[in-house]
Amino acid sequence: MRKMQYLAVGVLILTVFISLSIVSDDASADIEYTDKAIIIYGTEVLTDDLVFPDESNIIISLGTYLDINQYTIDFGKDSKVAILDDVTIACTTGKIVIREGTSLILVGAVMPGPKYDLTVTFDGKLSSRGTAVIKGATVTLDPNGDDRCLHLAWEESRMAIEDPIINYTVDTGGSDLKLGFTHLTYSEEYTMDTDISLTRELYLTSADSTVSVETVISTSKTFKMTLDLSSLRYTKYVANSDMTTVLTLDGMGLTTVFVDSNMMMTVTASAKNVKSTNAIGGEIRRFAEFTNVKFDMKADITVIAIIIEQEDLDPSDDPNIIKSMHITADTGDVMITERRGVKHITDIAVTIDGSDKAETYFLATFMDGERYNEIRADKVLFESFGITSDLRLTMLMHIPQITYSAHGGEKQEISMQADDLYVETDNLAVDTLLKQYYRAGELTAQQLLDNSRLFRAAVGVASIDTDGDKEVDTTAHDLELKLAKNSRGYNTLVLTFADLAAPLHNDEKNIDYRLSFDASEVYMESDSSISEINDAFTKRIHFSGDTNAEIQVTTSGMTVEQIRETGNSKLVMVKNSPESPKGAIFTFNIEYLRYTGKTTLDGRLNTLGYETTVTNHEYYADPEGTSDLKLVFNDMSASVILAFKDIVEFSAEVHTPMNLDLTFYDLKPMLDFGDSVISISHGQLYLDTYDPISEGILAIVDHISAKDDFVVDLRVGVTSDYINIHGSDREIINTIKSINLSIKEIYMMLIHNDRLQADIDNVYVEYTTMKGLLVQRELKHLDIDKDYNNPSPKEDVLVYTSEIMLISFGIVTGELLLVLIVLRIKRPDIFRFGKERF
Amino acid sequence: MAMDEAILKKMPALCLLSFSTFLVCVPAAYNQVISFNLMFDMNCFPSKDYAWYFPMFIAGECASMGLSACLIDRYGRRLPFLFGSVLFIPSSAICAVCGDSTVFLACRFIEGFGAGIVIVTCIAQIYFDVPDKKNRYMANGIMSLGFGGGMLFGIFLGRALVETVGWPVAFWTVAVLQAVVMYPCMDILRNGENSKMKADIPGALILMVMAGVLVFFLQKLYLSWDVTDTVGIEWIVFLFMLFLALILVEVVNPQSIFHRKFDNHKLVAGSMIFIFLLGVIDMAAVGCMIKIAFFTYQMSVGEAAPYFIILVLGAAVTAVTISKTIDRTGHFPWFLLSAVLSPIALLSMLLVDKDDPAIFMALHLFVLGLAIGCLVSMLNATIQNRTDHNNNGAVMSFAIMFRTIALWIGYNFYTVFSDRFMDEKLGETMAHWSQITQIDLPADSNLASLLVTPLADLIKIFPGLTDQIAEVFGEGISYGLTVGAIAFVVIAIPVTILLVGRNKTL
């Protein structure tokens, strides 16, 4: 809509030039005031500002020479200015003001007045020769100095046309406006909704400075515009989000826009280079550069016209604007996300065929190296479409099938297909969403939810084959995402699918994941922002107010597999009987209280009727060997509470019988636990580099796996009916019954991934042995102080002093020996033992 | 029959003293077999404090025996017995109630100190209570039954009580019982004549320090020190210095023990050497056999006890036989028999079948009992008969101390020998498992001792390791016993021939 406003303003401006060009050249000019009109004629040199009253009828006569000098000529508001023939207007630092509603009456044409006050300035003489009706009027600017531009300004908009040459011809067939310039600069700064600050700038360089833009409007209601530009640069900056978008076209060919009387628009354009970047805070988020771009489009702009006219679109109107489009480019460098990097593609072609007979509605092809890529959608059906004058969109779009395939080259063949893709919106406020996008530079699920009654995206069947084996790797049936407010006014997000299987790959850690879920549902309900809840898990904990949300995950079975270079892990949950409940349920509340600043997760897991198996296979190089862990839980119910602030507080309780089967090199122990309860309470975890507020909840997993410095403090309690301990040959080594273990405190601290301090206090264990003997034991304190890398055992004081003591004892021994020798020599009688000497 | 009547008359008193000896010896070996329960209760898990619980008692016991050498002849048996009991009873009680490892260690030393005094006073009392020299052989047999039986029973009782009703009960039991028998024992100990000679206090003090330090040093060597280290050399020099100091004070003091009268120096010297052999090879072997029963054959207390009762019976057979025939045979055949029987007993261990140990283990222990019985009472009586009231207590104290130290040395010898053997056989295997589990697993008898702890279940997880440990530990001890047998023969036969002589004087 804004573009159409610019077009109207531009036409108005041109009209002004034309009007100036038809003022006559009269040496004895003056201003004559009559009852009906104000007539300007001859030569008029202003010595003061000239302001006409509002609603004046002004006639500028033939041959008029008007010298504005440094003054202002103001035609007043809602005036009518009739321009009869050639005229010259000189100006240094003065200005011409055409106020709101003032229309210009040309020979054979009436131009409506502008919506805003328009100011025209230039330094030089603006001359016109000829007449519009007969030969066409030509306007040129003869500059006095270096400033060769004609400046126009309205509201916050500025336009500068360098070396302007305007030719305007009117005849019975219509009007023909030719505008020539070397450069044209347009800029505007404005504020949307009182708080969105935008700056836009358009910079055009002409290929033909005599006719850069030609607009032909015929009386048969056709419109044709031809642009002969060498380059175009369009920049948009949103201060709120610090987002800059730049579009640059270089080496442009002739661009034509033709609109016929049926509002069918045909556009043809080309450019040697097209470059688009989107950045926030100077950091490029998206980037695309194409070479030798050719663009042809045929579109029905009836819908646009209706919107521009601010009328509601009738559902019966065809919303399919583009009837055909063909874009080609030789090469392209595209960066969709920074993480994925820049992708180089060639032989790009995008075709849209919106005709009823078309076999393919959308086809995009490109080469990725030696690899041929194709995206195809046979049809795009708007089963319903309605848009209101305030841009609220209600629609149900249906794409029966969309496919993507890639083959050729060294990489594996890829094939993707989505059937019955639906996008549904109900009262989606497009305008508001756009403004919110400008504010933040991104859109959130909550904004979609806030600005619509319903947003739904669904896929009947989705299948992906990424390894070229002609077998589907990723499948999903009846996948649906729904954002809506429920009957109680709570925001809800519902993700459901009949089944889902997908492989994932973590490039950074070179880990593959294979996920497979049976019929599942994720239901999130909150009276506050769902996006903030999502962000709390994945980005940062930042709630705008007290928050309480409930999330329920229900699944009738799942398999999660992680494949690493050194092994793999797998979690499988299946029903353990046909009578099992429809789903295992994991319900948790996320709660944020502003006055405590604490975010609490309170979860409960119930897998009654389900068997959960965790397996882990690990390969070790030194010494070479493997380990296999298999942990089986049946009918598990568990609860967990995690509270995030500066530290993580946690407690958990698990009720389950379980079986632990481990193969570790040649060791094959197995533990059978009877009905067991494991409880952890008073848990506190401090991770040195983990800040839940700025990193989100899930980042804790990365920090733990990275072995950051940590302090953990907790209490543990375990009860179990029995534990069977099996040896490597699976025979039962021991059975202990009625186990009750409680540990009042476990305290562990890892410093610089080097020194582990561990203290265990008040361990109490009670169990019954295989022979029925009740054993009760208590360990008051246990210290484990272990140096990982640089053991430095304390030196025994006896060892420390051994050298000096050895010397001392040696001296005394020597002295004693000497004394004994002397005595032996001098008094041999006293060496006669066993005989009384008295 | 006259001899029998005389000994029968004194039997109640002897038995009571023997029982008192038995009581104070019982707690000595309470901690010989590792107990996690006690470690937990003393808050010393997993430190090495536990390794000192047994040696501290022995150190105290040996030290007090050294000190007693100067006390009991000059001041009689009664007061030292009271002193020993006063140390033993409360320290045992504190051991029963304390929960601190350091306090427990200190009390174990004091308990051993008291026990040592009680033991030597009771044995020395035979001199007065049994004036007949032949009867002293029987009397010493009874007393040795108290000593050896106490040590042996202590291991089983300790293991049984500590793992069931708890170690406090074990300590309370001996404390209370010793308190009960203390007064009647003191009444018995009134009998006797005090020496008029001055107490050899300097010599006794030096001997006390030497004995205690030697036990301490041996344990340090076993745990962490090496004789080639500076600290090892330092303590050897220190012991040598004490030895020289002892010689000096004994030489210059005209009333020193060394200057008191002995009959038949050669026989006394030979007996002392045999006492050393008895302790270091035969009696220490008994300790090792108990470990073999527990570790190698995985016997319970109830399963192992009968075998060691057989050993006691074997000892009784030779002890009784000697006491009845010594006047006719003299000492020589028994020394000679011992020199033959001990090696046979030790070597018979090699015949024990690892799969079915019952018969040969019983036989082996019976023969070992016979060998011990040959010496244990005879040596004491032989020495006792060569002293008078001026040096009887001192010499008996020294002899018992010497035997206890020898026992400790022998115990360490077999342990070190089996450790080396196990390390050689299992070192590579355990290094492999240590590397895999990232746990510093021992490859010596400490590993074997884990088989009688709750960690046995963990050891059993290592495939075949339990059997391997048991077998290698048994083999290690067997080789140690073989070396002991050879050493016994090499030393005992020349000593018998050169020092014992054929004189039949008792």
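Cut-offs applied
Residues numbered from 1 in each chain as written. Chains lettered and ligands numbered in written order. Predicted model: local features only at pLDDT ≥ 70, side-chain atom pairs only at ≥ 80, totals over all residues. Helix = DSSP H or I, 4+ residues; strand = E, 2+ residues; numbered from the N terminus. Buried ≥ 20, exposed ≤ 12 C-beta atoms within 10 Å, placed from the backbone. Contact = placed C-beta atoms within 7 Å. Expected span 1.5 Å × (residues − 1). Bend = angle between axes of the 7 residues up to and from the residue. Nonpolar A, V, L, I, M, F, W, Y, C, P; charged D, E, K, R; others polar. pLDDT = per-residue confidence, 0-100. Core = buried A, V, L, I, M, F, W, Y, C linked by C-beta atoms within 7 Å. Axes fitted to C-alpha atoms, helices over the stretch in contact; angles between N-to-C directions. Parallel < 35°, antiparallel > 145°, perpendicular 65-115°, else oblique. Left-handed = near helix turned anticlockwise from the far one by under 90°. Pairing = 2+ DSSP bridges.

1. Considering the overall build of chain B
Regarding its fold elements, chain B presents 18 helices and zero strands. In chain B, which comprises 506 residues, the proportion classed as buried is 60%. Looking at chain B alone, contacts between residues at least 24 apart form 84% of all its contacts between residues at least 6 apart.

2. As for helix 14 (residues 358–384) of chain B
Residue and element names in this part refer to chain B. Between its first and last C-alpha atoms helix 14 spans 38 Å; for 27 residues at 1.5 Å apiece the expected length is 39 Å, and the two agree. Most pronounced at I372, the bend in helix 14 amounts to some 25 degrees. Across the 27 residues that make up helix 14, a large majority, 22, are buried.

3. Thoughts on the interface of chain A and chain B
Counting residues at the interface gives 40 residues for chain A and 32 residues for chain B. Among the secondary structure elements, those contributing two or more residues to the side of chain A that touches chain B are strand 53 (732–751), strand 55 (774–787), helix 8 (797–800) and helix 9 (802–826) of chain A. Broken down by element, the residue count for the side of chain A that touches chain B peaks at 13 residues, all from helix 9 of chain A. Classifying every residue of the side of chain A that touches chain B gives 23 nonpolar, nine polar and eight charged.

4. Details of the environment of K36 of chain A
Secondary-structure assignment places K36 of chain A in the loop between strand 2 (30–33) and strand 3 (38–41). Separated by 21 residues in sequence, K36 of chain A and N57 of chain A have C-alpha atoms that sit 6.9 Å apart.

5. Digging into the confidence of the model for chain A
All names here are of chain A. Per-residue pLDDT for chain A has a mean of 84; in total, 90% of the residues score no lower than 70. For residues 1–29, every residue scores under 50 in pLDDT, and the model assigns this stretch 96 contacts once sequence neighbours within four places are set aside. Across residues 787–792, confidence stays below pLDDT 50; counting only partners more than four residues off in sequence or on other chains, it has six contacts.

6. A few points about the nonpolar core
If you look at the biggest cluster of nonpolar residues, it comprises 200 residues, and the most contacted ones within it are I119, A211, A284, A285 and I469 of chain B. A total of 21 residues in this core trace back to one element, the largest contributor, which is helix 11 (residues 265–296) of chain B. If you look at the next biggest cluster of nonpolar residues, it comprises 54 residues, including L141, L150, L179 and L227 of chain A.

7. Things to note about the packing of helix 3 (residues 53–75) of chain B against helix 9 (residues 201–223) of chain B
Residue and element names in this part refer to chain B. Close contact between helix 3 and helix 9 brings their axes to 7 Å; oriented N to C, the two are set at 165 degrees. In this view, helix 3 runs roughly antiparallel relative to helix 9, as classed from their interaxial angle. In this structure, the crossing between helix 3 and helix 9 has a hand that is right-handed. Contacts between helix 3 and helix 9 involve P55, I58, A59, C62, A63, M65, G66, L67, A69 and C70 from the first element and I201, G203, A204, L205, L207, M208, M210, A211, G212, V215, F216 and Q219 from the second. Per-class residue counts for the contact of helix 3 with helix 9 are 18 nonpolar, four polar and no charged.

8. Topic: the confidence of the model for chain B
Regions with low pLDDT carry predicted coordinates that are not meant to be interpreted in detail. For chain B, per-residue confidence averages 88 on the pLDDT scale, and 99% of positions sit at 70 or higher. The complex prediction reports pTM at 0.68, with the ipTM value standing at 0.89.

9. A look at the pairing of strand 47 (residues 610–621) of chain A
Consecutive residues of a regular strand have side chains that alternate between opposite faces of the sheet. Residues and elements named next belong to chain A. Where strand 44 (residues 567–575) lies against strand 47, nine bridges are found, and the strand directions are antiparallel. Across the sheet, the residue bridging to K575 is Y610, located in strand 47. Pairing analysis gives eleven bridges linking strand 47 to strand 48 (residues 624–634), with the strands arranged antiparallel. Counted as the bridge partner of Y620 is G625 from strand 48. The loop that links strand 47 with its antiparallel partner strand 48 comprises two residues.

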